[in-house]
Amino acid sequence: MSLPRQSISICLLNVAGIIFATSVGFAQTGATSSTEAPHTFKLIPSLDKELIDTAADPCVDFYRYACGNWAKLHPIPNDSPYSDQFYNLEQYNRQVLHGILDSAAATGGGRDSNTQKIGDYYASCMDEASIQRKAMAPLQPELDRINALSSKDQLPELLAHLQLINVNAFLGFGSQQDFKDATREIAMVSQGGLGLPEKDYYLRTGEKDEEIRKQYVQHIGNILKLLGASDAQTWSDSLAIMKLETALAKVSLDVTSQRDPHNIYHLMPDSGLQALTPVLNWEHFYSSTGAPEFKEINVAEPEFFKGLNQVITETDLATIKLYLRWQLVESVPGTVLPKALDEENFDFYGRKLAGTPEQEPRWKRCVASTDGALGEALGKAYVEQQFPASSKEKSLQMIHDIEAALGRDIDSLDWMSAETKKRAEEKLHLIADKVGYPNKWRDYSKLPIERGDALGNSFRAADFESHRQLAKIAKPVNRDEWEMSPPTVNAYYSDSMNEINFPAGVLQSAFFDTSSADALNYGHIGLFMGHELTHGFDDQGRQFDGHGNLDDWWTKEDAEKFTEKADCFVNEYSQFSVGDTKLNGKLTLGENTADNGGMRLAYMAFLARAPEQSFNLDKKTSTGYTPVQEVFLGFAQDWCAVWRPEMERLIATTDPHSPDRFRANGVLVNMPEFAKAFGCNAGQPMVAVKACSVW
């Protein structure tokens, strides 16, 4: 089931795992070539001096100075589109999960319910021989269901069924927190149905985009052929599907516009959606999903649903059935499909779109799949092994330090009025801090997992989650829930919940280590903590009040001053480019503001904490750097990375995060504290002529 953004700012991890985590094989990146010996990943130290390129001038390019040896020491594996700090920790965590799952998969008595489920799910995924032997038989009932469609009048029931198994043909339907009444859950419907990353991939001109579209049409044809279509028919059928998706793209809202919550919130009576898209009987759709009764729904993009009505009306039934078959196969994880379909899917999305030469080892994809289906059952075992109470205690202490720094920062702002400051401080004090894992673990007792039925397990897990989400409609919001599993190497701020969430998976070295110096922890994970906090006050988060309601609590003058300051970041980051692709400063504004504000807050919090540590801030430690320099080195080494050109272009055109090197230098150039620490002078590249700042 495709859920809307729900005003959750997913941050830190600016990689494929976010862009395509639910749909394409390459999203689950691997560590080594399938032809190479397995590589064991180790946690990287908080300050890795081997990464530092001492030949680089820190005042010319600090990213190169801090990370210049990353590519040599951590080259991109053949089965990944990139290598960076997040990737290294992800792979380390996967090794941990691999051990847990191998043990859980062992048959015999004594396994509790959760251990049985994660073990059998993983074992079924790993049973490639059985999957190959069954071939298309497990998927055939779904293909037959689509083939049986004899009238467009039957579409609502079919689309509802597909939604429940995570096939988001034409649209997405689910529940969400009401933007304007954060105490309740409401029904929502959003645009969907595209196979390429974003609408502009269908519409942009230029040689590269035209090449991608040709490859995409060929990929569709290859899938149709594997499903049994004749050679003579596949090309015309592929073009028909491409024409349909292009029509959907033309009426879709672009990714930049989706950042404004007002653009994706249109609460209306359920009859309003029926008026927008009369070709679909929405009552039949709702009842077929099993959703509770409701009288109003958020139609995230009304213009899309007007356009969808025209697309369905003008498209013949045969083409719609082709499209649904295509959407079905593209939505099913490759690990549960016959090898030919799996490899074809990877060839386009992994090899052609992201530049990854080889598919990752099966065990890594099956670990990721199990985490996706049973994340809190697997996560509970991960936490017991990897996240002691001392880590949670230290993390919370740092978050409280950084929240205190934000309070002092708000109080000192010369551009914000007393009235708005009061509301901002109220919101800050209402932020909920979630660290490590949920207070109450999710109950999977009603999710049946059958050993040896990989595709069935995948569908049942999707159906279980879909019904769990739909059951929320018309109920009070459960503020104890998490949107990420505990082993996830990421973090997020939720506008509607007004909370920050740091899973145990990201609270590991190099980002966080209770035995490391405070300077390094505040530079590493402190930046992330400040980053997430400032999301509550960026161009998007600032539109929500302390209780999570979409409410304009700023004075008009303060809002204008904020926009003026934020525009400085738009202009700064719009000057950066990846090859011939310029960054979209408006798309990346929220993340760039959070990076800049987050680093300032982490630095302020460190300085406030430092007096407790009896050391001289300006005296070099055993690392050869002063504590202040260590803060900035820790921050910069967060972003050590090397990317394949295809993947970096994909990030630059679709992701709200800037590529890693710009996240490092783009922040430090705005900080006179950094320039002072490393002796940089006006006129040098790492000293901005006009520094940008909001927080």
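Residues numbered from 1 in each chain as written. Predicted model: local features only at pLDDT ≥ 70, side-chain atom pairs only at ≥ 80, totals over all residues. Heavy atoms only, no water.

Evaluated as defined, the whole model comprises four disulfides. In this model Cys67 forms its disulfide with Cys640; the gap between the sulfur atoms is 2.1 Å. Handedness of the Cys67-Cys640 disulfide follows from its S-S torsion of about -75 degrees: it is left-handed. Of the two residues, Cys67 sits in helix α2 (residues 62-67) while Cys640 sits in the loop between α26 (627-637) and β12 (641-643), which places them 573 residues apart along the sequence. By relative accessible area, Cys67 is classed as buried at 6%. Between the sulfur atoms of Cys568 and its disulfide mate Cys692 the distance is 1.9 Å. As the torsion about the S-S bond is roughly -70 degrees, the Cys568-Cys692 disulfide counts as left-handed. In this pair, Cys568 is assigned in helix α24 (residues 556-574) and Cys692 in the segment after α29 (672-677), connecting sequence segments 124 residues apart. (Disulfide = S-S within 2.5 Å. Helix = DSSP H or I, 4+ residues; strand = E, 2+ residues; numbered from the N terminus. Buried < 20%, exposed > 50% of the residue type's maximum accessible area, 1.4 Å probe, protein only.)

All right, on to the nonpolar core then. Formed by 191 residues in total, the largest nonpolar core has its most connected members in Phe170, Leu171, Phe173, Leu324 and Trp695. For this core, the element with the most residues is helix α4 (residues 85-105), which contributes ten residues. Core analysis: the second largest hydrophobic core is formed by seven residues, Tyr265, Ala300, Phe544 and Leu550 among them. (Core = buried A, V, L, I, M, F, W, Y, C linked by side-chain atoms within 4.5 Å.)

A few words now on the sheet that holds strand β6 (residues 296-299). The strand order across the open sheet formed by four strands is β3-β4-β6-β5, and the pairing between neighbours is mixed. Single-partner strands in this sheet number two, and they are β3 (171-178) and β5 (267-269). Taking each pair of neighbouring strands and ignoring which way they run, the sheet shows an average axis angle of 40 degrees. Both β5 and β6 contribute to a ladder of three bridges, which runs antiparallel. (Pairing = 2+ DSSP bridges. Axes fitted to C-alpha atoms, helices over the stretch in contact; angles between N-to-C directions.)

What follows concerns the pairing of β6. Pairing geometry for strand β4 (residues 181-191) and β6, over three bridges, is parallel. Bridge pairing in β6 links Ala187 to Ile297.

This part is about the pattern of salt bridges. A full pass over the atoms with the stated rule returns 34 salt bridges. As a salt-bridge pair, Glu465 and Arg468 come within 2.9 Å of each other at their nearest N and O atoms. A residue pair is termed a helical-turn pair when its members lie 3 or 4 positions apart in one helix, as Glu465 and Arg468 do in helix α21 (residues 454-470) at three residues. Through salt bridges with shared partners, one network takes in Glu376, Arg442, Glu465, Arg468, Lys472 and Glu481. (Salt bridge = Lys/Arg side-chain N within 4 Å of Asp/Glu carboxyl O.)

Bringing the packing of helix α23 (residues 525-535) against helix α25 (residues 589-609) into the picture now. To describe two helices that pack against each other, one gives the angle between their axes and the distance between the axes. Here α23 crosses α25 at 125 degrees, and the two axes come no closer than 7 Å. With respect to α25, the axis of α23 lies oblique. Between α23 and α25 lies a crossing whose hand is right-handed. The residues of α25 that touch α23, namely those facing Gly526, Leu527, Gly530, His531, Thr534 and His535, are Gly590, Glu591, Thr593, Ala594, Asp595, Gly597, Gly598, Met599, Leu601 and Ala602. In terms of residue class, the contact of α23 with α25 is built from five nonpolar, nine polar and two charged. (Parallel < 35°, antiparallel > 145°, perpendicular 65-115°, else oblique. Left-handed = near helix turned anticlockwise from the far one by under 90°. Contact = heavy atoms within 4.5 Å. Nonpolar A, V, L, I, M, F, W, Y, C, P; charged D, E, K, R; others polar.)

α25 packs onto α24 with a crossing angle of 105 degrees between their chain directions and a minimal axis gap of 10 Å. With respect to α25, the axis of α24 lies roughly perpendicular. Residues Ala566, Phe569, Val570 and Tyr573 of α24 form the contact with α25, whose participating residues are Leu589, Asn592, Thr593 and Asn596. Along the lines of polarity and charge, the residues of the contact of α24 with α25 split into five nonpolar, three polar and no charged.

All we've got here are geometric facts, nothing functional implied.
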